[in-house]
Amino acid sequence: MAPQAVPDAPGGNVPPAIRASGLVKTFGTLRAVDDVTFELAPGRIYGLLGPNGSGKTTLIRLLAGLTLPTAGWAEVLGTRMPSRQNLERIGYMTQADGVYTALTVAENLRFFGAVFGVDGDEPAAAALAVVDLADRRDSIVGTLSGGQRRRLSLACALIHRPPVLFLDEPTVGVDPLLRVEFWAHFRTLADAGTTIVVSSHVMDEADRCDELLFVRSGRLTARGTGREIRARAGTTDLEQAFLRLGGDVAVTR
Ligand SMILES: Nc1ncnc2c1ncn2[C@@H]1O[C@H](COP(=O)(O)OP(=O)(O)OP(=O)(O)O)[C@@H](O)[C@H]1O
Ligand SMILES: [Mg+2]
């Protein structure tokens, strides 16, 4: 599935797909996201890594425009979030499955397709094929296994072929074979220009990202390719690097 085309900037310079500046989200006295600033280039896969409660989901929700920042701003495809215009250009797979358990697989896809103005049966069929769920299209979602529900959530996030995808721990509960296929598909989408931000706790998945963003206590503590992160942490083991760079480390770019 090729993503929707995103127009180039005048003059041929490719602008960042996603920008955040001084992004802050507080809950009472807790700074769940604490002064995050970055630019993410289009057509790349960015891995968001950090311990439980470090602010990954909150950051994704801010970027997707689903919650308002306490301070700072986020921009997707040149448009300040939240943005109605961007609704159709963003796919968001939530950490908790956002599908309707009383409906069938096909009905869920039809619903999300309608929300995003998708016509015809082809997009739903293509999305189902990606997650290998075509044989369950008439099953009530409440009767699916956890992993199958996860797969449907991904299909619903992909159905409108958005140029920007936020995936919050997309492979939790998904079996190893399909996990590999998911990642192959993410790479195909990125190669076709889709910008993907994916949170994960799985280090072999982190290694499939073009760049890693480490989050700790709401702050961006390190950013770089897997190789750069390893070099900075002085280890060949990404898991060790994650543990070593989990503290306050200057962001080098
Ligand atoms: N709606 C909310 N109200 C109050 N506190 C919240 C809310 N949402 C998140 N938090 C708090 O913000 C912090 C960051 O939570 P968040 O869900 O962003 O973490 P996370 O990095 O996604 O964690 P995990 O790896 O467990 O998914 C946590 O301390 C959490 O309790
Ligand atoms: Mg989370």
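Predicted model, so just to flag it, every value in this text is computed and none were measured. (Residues numbered from 1 in each chain as written. Chains lettered and ligands numbered in written order. Predicted model: local features only at pLDDT ≥ 70, side-chain atom pairs only at ≥ 80, totals over all residues. Heavy atoms only, no water.)

Section: the sheet that holds strand β6 (residues 90–93)
Put simply, the rule reads: Here, strands pair whenever DSSP counts at least two bridges between them. Strands here mean DSSP runs of E at least two residues long; helices mean DSSP runs of H or I at least four residues long; both are numbered from the N terminus. Here, axes are lines fitted to C-alpha atoms. For helices the fit covers the stretch in contact, and angles between N-to-C directions go from 0 to 180 degrees.
If you walk across this open sheet you meet the six strands as β6-β7-β8-β3-β9-β10, and the pairing is mixed. What marks the edges here is a single partner per strand, and that holds for β6 and β10 (219–224). Shown here is a sheet whose adjacent strand axes are inclined to one another by a mean of 15°, direction ignored. Here strand β7 (residues 164–168) runs beside strand β8 (residues 195–199); their pairing, made up of five bridges, is parallel. Bridge pairing links Leu165 to Ile196 in β8.

Points about helix α2 (residues 105–115)
Counted only if it meets this: Per-residue accessibility, obtained with a 1.4 Å probe over protein chains only, is compared with the maximum for each type, and a residue is labelled buried under 20%, exposed over 50%, and partly exposed between these values. Working definition: the arc comes from the directions between the helix axis and the C-beta atoms, pointing outward to the latter. Contacts between residues were defined by any pair of non-hydrogen atoms, one from each residue, lying within 4.5 Å.
By the burial criterion, the buried members of α2 are Val105, Ala106, Asn108, Leu109, Phe112 and Gly113. Looking straight down α2, one finds its buried side chains confined to an arc of 160°; they lie on one side. Exposed side chains of α2 directed beyond 90 degrees from the buried face belong to Arg110 and Ala114. Contacts made by the buried residues of α2 are with α3 (122–130) and α4 (146–158).

Considering a negative patch on the surface
Rules: Like-charged residues are merged into a patch within 9 Å and nonpolar side chains (Val, Leu, Ile, Met, Phe, Trp, Tyr) within 5 Å, provided each residue has over 30% relative accessible area and no salt bridge. Only the protein chains shown count as cover for residues, with accessible areas throughout obtained via the Shrake-Rupley method and a probe of 1.4 Å. Each salt bridge in this description consists of a side-chain nitrogen of Lys or Arg and a carboxyl oxygen of Asp or Glu lying within 4 Å of one another. In this tally, Asp and Glu contribute negative charge and Lys and Arg positive charge; neither His nor the terminal groups of the chain are included. Think of each charge as sitting on NZ of Lys, CZ of Arg, CG of Asp or CD of Glu.
There is a patch of like negative charges on the surface, built from Asp132, Asp135, Asp175 and Glu181. Tracing the backbone shows Asp175 in the loop between β7 and α5 (176–191).

Thoughts on the coordination of the magnesium ion (ligand 2)
Filter applied, for reference: A 2.8 Å cut-off from the metal defines N, O and S donors, relaxed to 3.2 Å for Na, K and Ca; water is not in the atom list, so some sites may appear incomplete.
Distances from the magnesium ion (ligand 2) to its protein donors, Thr57 (OG1) and Gln95 (OE1), fall within 2.0 to 2.2 Å. Remark: Gln95 occurs in the loop between β6 and α2 and Thr57 occurs in helix α1 (residues 56–63); sequence separation between them is 38 residues. We classify Thr57 as partly exposed; its relative accessible area is 25%.

Considering the packing of α4 against α5
Worth spelling out the cut-off: For classification purposes, angles smaller than 35 degrees are called roughly parallel, those larger than 145 roughly antiparallel, those between 65 and 115 roughly perpendicular, and all remaining angles oblique. Residues are grouped as follows: Ala, Val, Leu, Ile, Met, Phe, Trp, Tyr, Cys and Pro are nonpolar; Asp, Glu, Lys and Arg are charged; all remaining types, including Gly, are polar.
Closest axis-to-axis distance for the α4/α5 pair is 13 Å, and the angle between their directions is 10°. Classified by the angle between their axes, α4 and α5 sit roughly parallel to one another. Counting all contacts with α4, which are made through Arg151, Leu154 and Leu158, the residues of α5 involved are Leu178, Phe182, His185, Phe186 and Leu189. Its residues assigned to classes, the contact of α4 with α5 comprises six nonpolar, one polar and one charged.

Structural notes on the environment of Lys56
Relative to the helices and strands, Lys56 resides in helix α1. With 33 residues separating them along the chain, Lys56 and Leu23 place their C-alpha atoms 13 Å apart. What Lys56 contacts, discounting residues up to four positions off in sequence, is Leu48, Leu49, Gly50, Pro51, Glu169, Ser199 and His201.

Topic: the packing of aromatic side chains
For the record, the criterion: For Phe, Tyr and Trp, rings pair up if their centres lie within 6.5 Å, where Trp contributes its six-membered ring, and each pair is then called stacked (planes under 30 degrees apart), edge-to-face (over 60) or tilted (otherwise).
A complete count under the given rule lists six aromatic pairs for this structure. For the ring pair Phe182 and Phe186, a centre distance of 6.2 Å and an interplane angle of 50° mean the geometry is tilted. Pair noted here: Phe182 and Phe186 are both in helix α5, with a separation of four residues, about one helical turn. We classify Phe182 as buried; its relative accessible area is 0%. On the accessibility criterion, Phe186 (0% relative accessible area) is buried. On the basis of an interplanar angle of 75° and a centroid distance of 5.2 Å, the ring pair of Trp183 and Phe186 is categorised as edge-to-face.

Quick look at the environment of Arg84
Tracing the sequence through the fold places Arg84 in the loop between β5 (79–80) and β6. Sequence spacing of Arg84 and Leu48 is 36 residues, and the spatial spacing of their C-alpha atoms is 25 Å.

A short note on the pattern of salt bridges
On inspection of all chains with the given rule, the structure shows 13 salt bridges. One salt bridge in this structure joins Asp97 and Arg150, with 2.6 Å as the shortest N-O distance. Of this pair, Asp97 sits in the loop between β6 and α2 while Arg150 sits in helix α4, and the two are 53 residues apart along the sequence. Taking relative accessible area as the criterion, Asp97 reaches 30% and is therefore assigned partly exposed. For Arg137, the salt bridge identified is with Asp138, shortest N-O distance 3.5 Å. Judged by its relative accessible area of 39%, Arg137 is partly exposed. Residue classification places Asp138 among the exposed positions, given a relative accessible area of 61%.

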